[in-house]
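# Chains, contacts and geometry: an overview
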Amino acid sequence: MGATVKQLSGESSGEVISQVLDEDGVVIVKDFFPPDVVKSLNDELEPYIEACKPREQKNMYDDFLGAYTVRLHGIAAKARSFAPVLADARIMSIMDQQLRPHCTDYRLSAAELIEIRGGETAQPIHRDDDSWPRTAQAAAPLVINVMIALSDYTIENGATVVVPGSHKWDRAREPQPDEITQAVMSPGSVAMFAGQTLHGGGKNVSGVPRRGLSVSYCHGWLVPVENSWLGIPLEKVRELPKRAQSLLGYDLYDGTSRGGGIINMYEVGSPRALLDE
């Protein structure tokens, strides 16, 4: 029997979800978000997806990012319905359990719309924690990813490839075919995986687009993957709830209770002052 991803009901508590993450490194929670949230995100992001053009200048990341994949950042500026998703109470409880053992607070690492279209090849499997130097990875997991299905995720259209249990492996170990599976799920469901879990975008042989929203959270003392300060205008940030603003980096990080210092300052104070100007 090959690998499988454990699936939980949409009513599962943050504690139960976090426990499976600890054990398997990946978990699917069915119907985590209701249909109206999925519809709002799709409707609000659709114009930006339609306007997205292929990059003319190729770079070293194209093989990794995909030639037939649409990717968008700055989601908080593009979709008003995203703020409640970003600061969802159940997601926050999971991040409290997964990330706070090594930080006093966490923040958004990246919110990325990913639409895999027909003809896309499989992305190389990788670990999200590898965005940062190995010297930081004693505090693993550095990041937890919440992949929200905005369309059906099927084997044929590129459902995320995952390797359950790989978050506990020696780095030199390569997965065998029967240890690899895919996160098949319906719209509104989420696949959560730890930063050390091997995963990657699947290949799309069906021609039916696979659309998802990858929302990842990292320790507050790390430089995030996405630069939200540049990607989300201040006037948009000012409209968001306070917790969402903090997750976007508009607060001090006070590590003094863990033997560290205060970072992320603005004018020898909190960057939250920018929101009051």
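Among the nonpolar cores identified, the biggest contains 52 residues, and F82 and Y217 are the most heavily contacted of them. Counting residues per element, this core draws most heavily on helix α6 (residues 89-99), which supplies five residues. Leaving out residues up to four positions away in the same chain, F82 has contacts with L41, I75, A76, A111, L213 and V215.

With that out of the way, let us pick up helix α2 (residues 35-51). For α2, spanning 17 residues, the distance from its first C-alpha to its last is 25 Å, which sits close to the expected 24 Å at 1.5 Å a residue. The largest bend along α2 measures about 40 degrees and falls at L45, with the proline P47 one to four residues further on. Buried within α2 we find V38, L41, N42, L45 and I49. Looking at the buried positions of α2, the neighbouring elements they touch are β3 (69-72), α4 (75-78), α5 (82-86), β4 (106-116), β5 (143-149) and β10 (210-219).

Turning our attention to the sheet that holds strand β7 (residues 181-182). In space, the three strands of this open sheet follow the order β7-β6-β9, with antiparallel pairing throughout. Each edge of the sheet is formed by a strand with only one pairing partner; in this case those strands are β7 and β9 (199-200).

Below, the discussion takes up the pattern of salt bridges. Taken as a whole, this structure holds 14 salt bridges when the rule is applied. In this structure, R80 and E239 form a salt bridge, with 3.5 Å as the shortest nitrogen-oxygen distance. You can see R80 sitting in the loop between α4 and α5 and its partner E239 sitting in the loop between α8 (234-237) and α9 (242-247), a full 159 residues away along the chain. Overall, R80 belongs to the exposed group, its relative accessible area being 71%. Classification of E239 as exposed rests on a relative accessible area of 53%. The shortest N-O distance in the salt bridge between D251 and R272 comes to 3.1 Å. Of this pair, D251 sits in the loop between α9 and β11 (253-254) while R272 sits in the loop between β12 (262-263) and α10 (273-276), placing them 21 residues apart in sequence. Within this structure, E46, E115, R117 and R211 form a network of salt bridges that share partners.

Take the side chain of D88 next. In this structure, D88 sits in the loop between α5 and α6. One buried charged residue, D88, remains without a salt bridge, the closest side chain of opposite sign being R90 at 4.9 Å. Engagement of the side chain of D88 in a polar contact is seen with the backbone nitrogen of I91, the distance being 3.0 Å. Not counting the four nearest positions on each side in its chain, D88 is found in contact with F32 and F33.

Counted under the stated rule, the structure contains one aromatic pair. The ring of Y48 has K78 lying over it, and the distance from NZ or CZ to the ring centre is 5.6 Å. Its guanidinium or amino end placed over the ring of F32, R90 lies 3.9 Å from that ring's centre, counting from NZ or CZ.

Moving on, we come to the packing of helix α1 (residues 14-24) against α6. One can describe the packing of α1 onto α6 by two numbers: an axis separation of 9 Å at closest approach and a directional angle of 45 degrees. When the axes of α1 and α6 are compared, the pair comes out oblique. Considering how the two elements wind past one another, α1 and α6 form a crossing that is right-handed. Judged by residue contacts, G14, E15, I17, S18, L21 and D22 of α1 engage R90, S93, I94, Q97 and Q98 from α6. When grouped by side-chain class, the residues that make up the contact of α1 with α6 number three nonpolar, five polar and three charged.

This paragraph deals with the pairing of β10. Burial runs high along β10: 10 of the 10 residues are buried. Here seven bridges tie β5 to β10, and the two strands are oriented antiparallel to one another. Along β10, the bridge assignment pairs A149 with G212.

Parameters at a glance
Note that residues are indexed from 1 along each chain, following the sequence as it is written. Under the rules for a predicted model, residues below a pLDDT of 70 receive no local features and side-chain atom pairs below 80 are neither given nor counted, while totals for whole chains, interfaces and linings still include all residues. For side-chain calculations, the full set of non-hydrogen atoms in the structure is used, while hydrogens and water are omitted. The set of buried Ala, Val, Leu, Ile, Met, Phe, Trp, Tyr and Cys residues whose side-chain atoms join them within 4.5 Å is what this entry labels a nonpolar core. Any residue under 20% of the maximum accessible area for its type is buried, any over 50% is exposed, and the rest in between are partly exposed; the area is computed with a 1.4 Å probe on protein chains only. Runs of E in the DSSP output that reach at least two residues are strands. Runs of H or I that reach at least four are helices, and both are numbered from the N terminus. Working rule for contacts: check all heavy atoms of both residues, and any pair within 4.5 Å makes them a contact. Helix span, as expected, comes to 1.5 Å for every residue beyond the first. For a residue, the bend is simply the angle between two axes, fitted respectively to the seven-residue segment ending there and the seven-residue segment starting there. Any two strands with at least two DSSP bridges between them are considered paired. In what follows, salt bridge is the name for a side-chain nitrogen of Lys or Arg lying within 4 Å of a carboxyl oxygen of Asp or Glu. Residues scored as charged are limited to Lys and Arg (positive) and Asp and Glu (negative), so that His and the chain ends carry no count. We define a polar contact as two N or O atoms separated by no more than 3.5 Å, with the added condition that, inside protein, one atom must be a possible hydrogen donor and the other a possible acceptor, whereas residues neighbouring each other in sequence contribute only through side-chain atom pairs. Two rings from Phe, Tyr or Trp (for Trp, the six-membered ring) form a pair when their centres are within 6.5 Å of each other. A pair whose planes differ by under 30 degrees is stacked, one over 60 is edge-to-face, and the rest are tilted. For a Lys NZ or an Arg CZ to count as sitting over a ring, it must be within 6 Å of the ring centre and within 35 degrees of the ring normal. An axis is simply a line fitted to the C-alpha atoms; with a helix, the fit covers only the stretch in contact. Between two such axes, the angle follows the N-to-C directions and lies from 0 to 180 degrees. Working definition: roughly parallel below 35 degrees, roughly antiparallel above 145 degrees, roughly perpendicular at 65 to 115 degrees, and oblique for all remaining angles. Left-handed is the label given to a crossing in which the near helix is rotated counterclockwise from the far helix by less than a right angle, and right-handed is the label when the rotation is clockwise. When residues are sorted by character, Ala, Val, Leu, Ile, Met, Phe, Trp, Tyr, Cys and Pro go into the nonpolar class, Asp, Glu, Lys and Arg into the charged class, and all the rest, Gly among them, into the polar class.

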